[in-house]
Amino acid sequence: MGDEQAAWAAGPGVAEQARSVPATAWSCRVTADGGREEFVGAHTVADDGRVLLHVPEDSALLAAAICAPRGEPSAVLEFADVAPVPVRHRIRARLWMAGWFVPSDEHLVFQPTRVVLRRPSGAVVVDLDEFAAAHPDPLVGAEAELLTHLADAHPDAVERLTRLVEPESLHAATRVQPLAVDRHGLTLRIERTRAHGDVRLAFHAPADDVAQLTERMHVLLAQASAAACPRTLQRQRADGDG
């Protein structure tokens, strides 16, 4: 990779990652008053980080929210970030939010008092002010379609991109799949027989929309075409393991 590509190593901040999780999660698990409910397609997140949850009128959560003392933690929300492409260990991150609900006319408004993001590298507490001020990654709404299209329609491109990966990272690899993409880069999941690892390919500049992402991907593919094919992967395919 060239100097410009190597110099751009920025990734999404913790608060931005945290805001992106509920933006892609299709369900919200709520633990309140000793009970637990799963709500599918029922949540949205306001610009200030509050979660708006639409619940049935007969939901036990609604009754618990009405009876809970104002300002006291009354619930924990859990969101899972699931990779759109089938890979081993598909949950990329989890987000937990503790706080309380305020009943509104059409939904419950959840005000967080503590936000925790858990990634493969560990859990981190997210500053509430930073969480409120952050925005989801601009590509979050298109990520699933982009990654599944790349994996299903362009496996040759994924194979080519492995030329940008250090050979030792590909040792004993049995499969490589696109795991995630954000405005800063593309992450590949490298699977082995009993383990896996992730490798991030950073863009030379952030992409704020799909058009810019397309250009960034073309740059990566051009760099990959100019790189040598990893010997480890060549040997593996020669042995019939790929």
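The rules we used
Residues numbered from 1 in each chain as written. Predicted model: local features only at pLDDT ≥ 70, side-chain atom pairs only at ≥ 80, totals over all residues. Heavy atoms only, no water. Helix = DSSP H or I, 4+ residues; strand = E, 2+ residues; numbered from the N terminus. Contact = heavy atoms within 4.5 Å. Areas by Shrake-Rupley, 256 points an atom, 1.4 Å probe, with all protein chains shown as cover. pLDDT = per-residue confidence, 0-100. Pairing = 2+ DSSP bridges. 1 Å grid on protein atoms, 1.4 Å probe; cavity = no way out; pocket = protein on both sides within 12 Å on 5 of 7 lines; lining within 4 Å. Points joined across faces, edges and corners; volume = space filled by probe spheres on them. Nonpolar A, V, L, I, M, F, W, Y, C, P; charged D, E, K, R; others polar. Salt bridge = Lys/Arg side-chain N within 4 Å of Asp/Glu carboxyl O. Buried < 20%, exposed > 50% of the residue type's maximum accessible area, 1.4 Å probe, protein only. Core = buried A, V, L, I, M, F, W, Y, C linked by side-chain atoms within 4.5 Å.

**Some remarks on the overall build of the chain**
Helix and strand content of the chain: eight helices and 11 strands. Long-range pairs, those at least 24 residues apart, make up 55% of the contacts in the chain with a sequence separation of at least 6. Element-wise, carbon and sulfur atoms account for 51% of the exposed surface of the chain, whose accessible area totals about 12,600 Å².

**Some points on the side chain of Asp81**
Mapped onto the elements, Asp81 comes out in strand β5 (residues 75-82). Excluding anything up to four places from it in sequence, Asp81 contacts Val21, Thr24, Arg90, Ile91, Arg92 and Ala93.

**A word on the confidence of the model for the chain**
Here the chain averages 88 in pLDDT, while 88% of its residues score no lower than 70. Confidence drops under pLDDT 50 across residues 1-9; counting only partners more than four residues distant or on other chains, this segment forms 16 contacts. Confidence drops under a pLDDT of 50 for residues 234-242, and excluding neighbours within four residues, the segment shows 11 contacts in the predicted structure.

**A few points about the pairing of strand β11 (residues 196-202)**
Strand direction decides the pairing type here: strand β10 (residues 185-191) and β11, joined by seven bridges, are antiparallel. Paired with Glu191 across the bridge in β11 is His196. Turn length for the β10-β11 hairpin, with the two strands adjacent in sequence and antiparallel, is four residues.

**Some words on the pairing of strand β8 (residues 122-126)**
Looking at chain direction, strand β7 (residues 108-119) and β8 are connected through five bridges and run antiparallel. Across the sheet, Arg118 pairs through a bridge with Ala123, a residue of β8. The hairpin formed by β7 and β8 contains two residues between the paired strands.

**A look at the layout of surface pockets**
For the largest pocket, the calculated volume is near 800 Å³. If you trace the largest pocket, you find 29 residues lining it, with Gln17, Asp81, Arg92, Ala93 and Arg119 closest to the centre. Elements with a minimum of two residues in the lining of the largest pocket: α2 (14-24), β6 (91-103), β7, β9 (175-182), β10 and β11. Each residue belonging to the lining of the largest pocket can be placed in one class, and the counts come to 10 nonpolar, eight polar and 11 charged.

**A word on the pattern of salt bridges**
Taken as a whole and assessed by the stated rule, the structure comprises 11 salt bridges. The closest approach of N and O atoms between Asp182 and Arg200, which form a salt bridge, is 2.8 Å. In this pair, Asp182 sits in strand β9 while Arg200 sits in strand β11, placing the two residues 18 residues apart along the sequence. On the accessibility criterion, Arg200 (34% relative accessible area) is partly exposed. A salt bridge links Glu215 to Arg216; its shortest N-O distance comes to 2.4 Å. Taking relative accessible area as the criterion, Arg216 reaches 11% and is therefore assigned buried. Connected via shared salt-bridge partners are Glu16, Arg183 and Asp208.

**Quick look at unusual backbone geometry**
What is expected of a backbone is that most residues other than glycine have negative phi and most peptide bonds are trans. Look at His89: it is not a glycine, yet its phi comes out positive at around 55°. Examined against the element boundaries, His89 turns out to sit in the loop between β5 and β6. Residue classification places His89 among the exposed residues on the basis of a relative accessible area of 55%. The phi dihedral of Ala172 is positive, around 65°, even though this residue is not glycine. Its location among the elements puts Ala172 in the loop between α6 (155-161) and β9. Judged by relative accessible area, Ala172 falls into the partly exposed class, the value being 40%.

**Some words on the nonpolar core**
Residues Leu161, Leu201 and Met217 are the most contacted members of the largest nonpolar core, which totals 30 residues. For this core, the secondary-structure elements that each account for two or more residues are α5 (143-153), α6, β9, β10, β11 and α7 (210-225).

**A look at the environment of Val40**
With respect to the secondary-structure elements, Val40 resides in strand β2 (residues 35-40). It is 9.0 Å that separates the C-alpha atoms of Val40 and Ala25, two residues lying 15 residues apart in sequence. In contact with Val40, other than residues within four places in its own chain, are Trp26 and Ser27.

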